[in-house]
Amino acid sequence: LFVVESVRAGLQDSAGNTTPRVQAVIAARLAQLTPSAYDLAGLAATIGRSFSFDLLAKATDWDEDSLSRALEELWQRRIIEGMGAGSYDYTHDLLREEAYTELSPVRRRFLHRRVARALEELHSAEMESISGRLAAHFEAAGMAEQAIRHYLSAAAVARQRYSDSEAATLIRRALALCRDLPETARRDEQEVELLVSLGPALVTTQGYSAPEIGETYARALTLSRRLGETQYIFSALGGSWLFHLVGGQLEESRKLAQQCLDAAGGEADPTLSTAGHFLLGSSLFHLGRLERSRENLNQALAAYPGPPHSALSLFAGPDLGVFCRSYLAQVLWLMGRVQEIPPPSSDAISLARELSHPFSLAIALDYAAMLHVFREEIQAALDRAEEAAAVCRKHGFAYYLAWADIVTGWATARVGEPALGLAKLRHGLDALKGLGAEIRLPLYYGLLAEVCGLAGQEGEALASLSSAFAFQSKNEEVWFSPELHRIYGDLLLRSGNEAEAQVHYQRAIEAARQSGAQMFERRASERLLLKRWNAHSPPA
């Protein structure tokens, strides 16, 4: 194209060479157009993609004959080409770029406005499907309010396709426009809506504890309180709760959960109370208060009405019932209330599959895999974790993928491949720490210690246990304390230090009694009894 046109135009650069700049060649072609064809080329370039005759007609208000003649000229000069089904496009992207570059800023804004209005007219019955295009045109036209509305709509469409990265990008563009508006209560309300929409998209792609998530929900909470509104306060509180919980700031998460429950008391919607009880029950679980955790989680499920209230987008998509059932199954097992755990036909995984929601399914599978770890059902843990990992990789769920890799590594080591399992577990743990997550680190380092022990790396095992106890102390996450002492006892016993092993088994029993973790108490007691029996049994 450029060689031919350069020869035709006979253009030379300042040095007399017959290889002119590309832009000069294209500008020369456009300069040869009649005024109407030139104007139409600018409008077509503003559309930014293939276009129809109907769209050009709506955007120009020209009579059909004038429009046809200008379009015919562009086609004859090989600037545009037919794409079939009444659609046209530029023959080369650089032609479109140059035609758009030649428009003045004022003209560009005007044309973007005309294109946006034309698209609205042509697609009035299917506005959501073109919301992203509309938003971009309204933004370029300087119409921020309209652009924000359509970016939000486009983000909702992206989330329906589970394209959360795209949704986050769209909402960030809307937020940038919103923050340039004059400071008014209306602007603040709009920003809160955008922030609580952005949070869930960030959670699924970045995990719960990324700095941007903390900043997003903190800002939403500040604005909600300043405005004194209740529409988004639950989303802001819940999002902040998630950030602090997963970041290991457990007492702060408990306070936020209590605030959410207190706020729900003044609302008629039972779903909000359900959410408050779930948040509080989850925080209490990690703090080792299992009985109170069970009570709150049961209250949440008892009032669970079905699909969550729109204000509960704080959960980043997972169904509240799925999340609550996942936590409750672990609490019930730890407390020895095995008969109360729902059967597979009505558990969290079954509900998640019924909802056909990938993020809910990833959560349910990961929690089920961890429950199998507690039960020492190794193959079942491996199967669930691998299924969870497949879902997470497909949809980009970073946090739950790291969790699945940790369980996969532990189970792989336990089935006889300690080196492979150790590498997998460390990979998952590094990914989790890279996301800023500290929740369950005592558990994960405890599992790492077990696997290091299986791999014959006793020093690494003891170092991992030291890290586990350090994070337990830092974050007050004591629910796994009995197992840490039990694992420590097993390592000491393996190395021949029976007296010190007995001390840690006893500490495991005491810690389990304090939290009410009967199953962990039973396991430590079995170790202690077995050791004593072996010590007093006659030689074979």
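**Observations regarding the overall build of the chain**
Part 1 of the reasoning: When helices and strands are counted, the chain shows 27 helices and 3 strands.
Part 2 of the reasoning: Seen through its principal axes, the chain has C-alpha atoms that stretch 110 × 60 × 40 Å.
Part 3 of the reasoning: Expressed as a percentage of the 540 residues in the chain, the buried residues total 52%.
Part 4 of the reasoning: Once local pairs closer than 6 in sequence are excluded, the contacts in the chain between residues at least 24 apart make up 61%.
Part 5 of the reasoning: Of the roughly 23,300 Å² of accessible surface on the chain, a fraction of 50% belongs to carbon and sulfur atoms.
Part 6 of the reasoning: Considering the chain, the positive charge centre built from 54 side chains and the negative charge centre built from 66 side chains are found 2 Å apart.

**What about the pairing of strand E3 (residues 87-90)?**
On a regular strand, each side chain points to the face opposite its neighbour's, so the side chains alternate between the two faces of the sheet.
Part 1 of the reasoning: Two elements, strand E1 (residues 51-52) and E3, share 2 bridges in a ladder whose sense is antiparallel. When the sheet's bridge partners are listed, Phe 51 is paired in E3 with Tyr 88.
Part 2 of the reasoning: Relative to E3, strand E2 (residues 80-84) is paired through 4 bridges, and the arrangement is antiparallel. Each residue of the ladder has a partner; that of Glu 81, found in E3, is Asp 89.
Part 3 of the reasoning: Turn length for the E2-E3 hairpin, with the two strands adjacent in sequence and antiparallel, is 2 residues, and the turn residue Ala 85 shows positive phi of about 55 degrees.

**Quick look at the packing of helix H16 (residues 290-302) against helix H17 (residues 320-334)**
Part 1 of the reasoning: It is the contact of H16 with H17, at a shortest axis distance of 10 Å, that shows an interaxial angle of 145 degrees. The two elements H16 and H17 meet at a crossing, and its hand is left-handed. Residues Leu 290, Ser 293, Arg 294, Leu 297, Asn 298, Ala 300 and Leu 301 of H16 form the contact with H17, whose own contacting residues are Gly 321, Cys 324, Arg 325, Tyr 327, Leu 328, Val 331, Leu 332 and Leu 334.
Part 2 of the reasoning: For the contact of H16 with H17, a count of residues per class yields 10 nonpolar, 3 polar and 2 charged.

**Overview of the side chain of Asp 405**
Part 1 of the reasoning: Within the secondary structure, Asp 405 sits in helix H21 (residues 398-414).
Part 2 of the reasoning: Each residue touching Asp 405, except ones within four places of it in the same chain, is listed here: Ala 389, Arg 393, Lys 424, Leu 425, His 427 and Gly 428.

**Examining the packing of aromatic side chains**
Part 1 of the reasoning: A complete count under the given rule lists 25 aromatic pairs for this structure.
Part 2 of the reasoning: Here the aromatic rings of Tyr 208 and Tyr 399 are separated by 5.1 Å at their centres, their planes lie at 70 degrees, and the arrangement is edge-to-face. Residue Tyr 208 is located in the loop between helix H11 (185-206) and helix H12 (211-227), and its partner Tyr 399 is located in helix H21; the two are separated by 191 residues in the primary sequence. Tyr 399 matches Tyr 208 in its accessibility class, with the two residues each being buried.

What counts as what
Residues numbered from 1 in each chain as written. Predicted model: local features only at pLDDT ≥ 70, side-chain atom pairs only at ≥ 80, totals over all residues. Heavy atoms only, no water. Helix = DSSP H or I, 4+ residues; strand = E, 2+ residues; numbered from the N terminus. Buried < 20%, exposed > 50% of the residue type's maximum accessible area, 1.4 Å probe, protein only. Contact = heavy atoms within 4.5 Å. Areas by Shrake-Rupley, 256 points an atom, 1.4 Å probe, with all protein chains shown as cover. Lys, Arg positive; Asp, Glu negative; His and termini not counted. Charge placed at Lys NZ, Arg CZ, Asp CG, Glu CD. Pairing = 2+ DSSP bridges. Axes fitted to C-alpha atoms, helices over the stretch in contact; angles between N-to-C directions. Left-handed = near helix turned anticlockwise from the far one by under 90°. Nonpolar A, V, L, I, M, F, W, Y, C, P; charged D, E, K, R; others polar. Phe/Tyr/Trp six-rings, centres within 6.5 Å; stacked < 30°, edge-to-face > 60°.

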